[in-house]
Amino acid sequence: MSLSDRVEKNVQVETYSGYKADERPVRVTIDGQAHEVAEVEDRWYSPGATFFRVRMANGERYVLRRVEAQEVLTLEAYRSSDHRPSY
């Protein structure tokens, strides 16, 4: 199963809604296992979408995309906390 297949079927993102709806992600659930967002490291905008790079409490990092027209957040990228450079 590819990451895109997994993303479409098994990822849920809970958000904080303050000044605006879905202002920032606070929890990501993958395959039924919830992961708390420790920090939103970066946020950027493109036409029709907002991207968030987040660090989870367990050290993993995700890039999430919020599609404005669909009001949905998807997982675009992932890096494990045990990422080691190859030499």
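Procedures and definitions
- Residues numbered from 1 in each chain as written.
- Predicted model: local features only at pLDDT ≥ 70, side-chain atom pairs only at ≥ 80, totals over all residues.
- Heavy atoms only, no water.
- Phe/Tyr/Trp six-rings, centres within 6.5 Å; stacked < 30°, edge-to-face > 60°.
- Buried < 20%, exposed > 50% of the residue type's maximum accessible area, 1.4 Å probe, protein only.
- Helix = DSSP H or I, 4+ residues; strand = E, 2+ residues; numbered from the N terminus.
- Lys NZ or Arg CZ within 6 Å of the ring centre and 35° of its normal.

Caption draft 1: Fine view of the packing of aromatic side chains. Considering all chains together, one arrives at two aromatic pairs under this definition. A ring pair is formed by Trp-44 and Phe-51, whose centres lie 5.5 Å apart and whose planes are at 5°; its orientation type is stacked. Accessibility expressed as a relative area gives 16% for Phe-51, which makes it buried. Between Tyr-62 and Tyr-78, the aromatic rings sit 5.3 Å apart at their centres with planes inclined by 45°, giving tilted as the arrangement. One end of the pair, Tyr-62, is in strand S5 (residues 61-67); the other, Tyr-78, is in strand S6 (residues 72-79), with 16 residues separating them in the sequence. Given the relative accessible area of 2%, Tyr-62 is considered buried. With relative accessibility at 40%, the residue Tyr-78 sits in the partly exposed group. Here Arg-24 stacks its cationic end above the ring of Tyr-16, 4.5 Å away from the centre of that ring.

Caption draft 2: The arrangement of the environment of Ser-46 in detail. Relative to the helices and strands, Ser-46 resides in strand S3 (residues 33-46). Under the relative-accessibility criterion, Ser-46 is labelled partly exposed at 30%. Sequence separation of Ser-46 and Arg-65 is 19 residues, and the distance between their C-alpha atoms is 10.0 Å.

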